[in-house]
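Read off the chains here:
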Amino acid sequence: KPQAQADTALSAATPTILPSPSPIVGTPAPALAGTLISSSTRLDVYRIEGGLTITALLDLAPQFEQAIDRVGERMGAHLSGRVALSFEPAQRGPCALRGLTLSHQRIIRLYYAPETPEQRVLAVVAHELAHQLQHDYYGWPAHQKSDLILLEGQATWASGDYALDSRGQPSWQSAAELALAEGNLLPLDVSLDADCRTATRNSAYTGWASFVAFLMQAGRERFDALYRSGGGHRLPVTAERGTDAAS
């Protein structure tokens, strides 16, 4: 059955679209364009026509909430307020974005076609939620000037449980171990502006996550001090690019 038909076949007795968000917890999230599909304890999930299906979003919404706790526990962080997720049509091209976090606005935009496997979406949502957790843990002044290597490396490291290989190991860790076994170095100084292809982003995030795992061995306080020191590589806009590491 075509997915679009499956969405319209949902029981009329089961409400699928909430008219208003749940009671606010902490800082409110902005109301977004599109249709509000789900409003849970900390997340408002919106859909724009052509994005992931209503059926998939209703199935994934509780898992998004679980991801906040799971990723937050690994980071030692928690959200200071609500976050709005907007599921929009997939972007096209070699540099297409899968996820974009506007952390100071408390907005995460996800770009996926209706037929996208749910686990792939969940992996990127977990990564993007890690960026929001970074913002809420370190504060906006420190977060906006953080080094790109630490910014994306920590998000990839923290959300690794949602992008596992066939052995149940985080895919970034497997890729790093393979590179080491083959004698290949993963350079830290990678320009995603010069080469924004998915393969390049995945390779860069693997090296950065491995570097963060190494730094964490020196202690969390030292890592936090380094993150807050800023002055490193940054994206040209105050948003984070999420790599589709599960693809």
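Notes on the structure in this doc start here. In this text, all values refer to a predicted model and were calculated from it rather than measured experimentally.

Observations concerning the nonpolar core
Working step 1: Phe-64, Leu-85 and Phe-87 are the most contacted members of the largest nonpolar core, which totals 52 residues.
Working step 2: Every element with two or more residues in this core is listed here: strand 2 (43-47), helix 2 (54-75), strand 3 (83-88), strand 5 (107-111), helix 3 (118-138), helix 5 (148-158), helix 7 (198-216) and helix 8 (220-229).
Working step 3: No other element matches the 10 residues that helix 3 contributes to this core.
Working step 4: Not counting residues within four places of it along the chain, the set of residues in contact with Phe-64 comprises Leu-43, Val-45, Leu-85, Phe-87, Leu-122, Val-125 and Leu-129.
Working step 5: Counting 7 residues, the second largest nonpolar core, distinct from the first, contains Leu-32, Leu-36, Ala-84 and Leu-102.

So, the packing of aromatic side chains
Working step 1: Inspection of the entire model under this criterion finds 5 aromatic pairs.
Working step 2: Taking 4.7 Å as the distance between ring centres and 85 degrees as the angle between the ring planes, the aromatic pair formed by Tyr-137 and Tyr-138 counts as edge-to-face.
Working step 3: With a relative accessible area of 7%, Tyr-138 lands in the buried category.
Working step 4: For Arg-70, the ring lying beneath its charged end belongs to Tyr-162, and the centroid distance is 5.0 Å.
Working step 5: A cation over an aromatic ring shows up here: Arg-74 above the ring of Trp-157, its NZ or CZ 4.1 Å from the ring centre.

Quick word on unusual backbone geometry
Working step 1: For Arg-106, which is not glycine, the phi dihedral falls at a positive 60 degrees.
Working step 2: One can find Arg-106 in the loop between strand 4 (99-102) and strand 5.

Focus: the state of the cysteines
Working step 1: Considering all chains together, one arrives at 1 disulfide under this definition.
Working step 2: A disulfide bridge connects Cys-95 with Cys-196, and the sulfur atoms are separated by 1.6 Å. Across the S-S bond linking Cys-95 and Cys-196, the dihedral sits near 80 degrees, which makes this disulfide right-handed. One end of the pair, Cys-95, is in the loop between strand 3 and strand 4; the other, Cys-196, is in the loop between helix 6 (171-181) and helix 7, with 101 residues separating them in the sequence.

A look at the environment of Gln-119
Working step 1: Within the fold, Gln-119 resides in helix 3.
Working step 2: Owing to a relative accessible area of 45%, Gln-119 belongs among the partly exposed residues under this scheme.
Working step 3: When the C-alpha atoms of Gln-119 and Ala-163 are compared, they prove to be 8.3 Å apart, with 44 residues separating the residues in sequence.

Regarding the pairing of strand 3
Working step 1: Burial analysis of strand 3 places 6 of its 6 residues in the buried class, which makes it a mostly covered element.
Working step 2: Going residue by residue along strand 3, you find Val-83, Leu-85 and Phe-87 tucked away on one face and Ala-84, Ser-86 and Glu-88 tucked away on the opposite face as well.
Working step 3: Across 5 bridges, strand 2 lies against strand 3 in parallel orientation. Bridged to Asp-44 within strand 3 is Ala-84.
Working step 4: Handedness of the crossover is the feature at issue here: the chain leaves strand 2, passes through helix 2, returns alongside strand 3, and the resulting connection is left-handed.

Analysis parameters
Residues numbered from 1 in each chain as written. Predicted model: local features only at pLDDT ≥ 70, side-chain atom pairs only at ≥ 80, totals over all residues. Heavy atoms only, no water. Core = buried A, V, L, I, M, F, W, Y, C linked by side-chain atoms within 4.5 Å. Buried < 20%, exposed > 50% of the residue type's maximum accessible area, 1.4 Å probe, protein only. Helix = DSSP H or I, 4+ residues; strand = E, 2+ residues; numbered from the N terminus. Contact = heavy atoms within 4.5 Å. Phe/Tyr/Trp six-rings, centres within 6.5 Å; stacked < 30°, edge-to-face > 60°. Lys NZ or Arg CZ within 6 Å of the ring centre and 35° of its normal. Disulfide = S-S within 2.5 Å. Pairing = 2+ DSSP bridges. Right-handed = clockwise from strand over helix to strand, strands pointing away.

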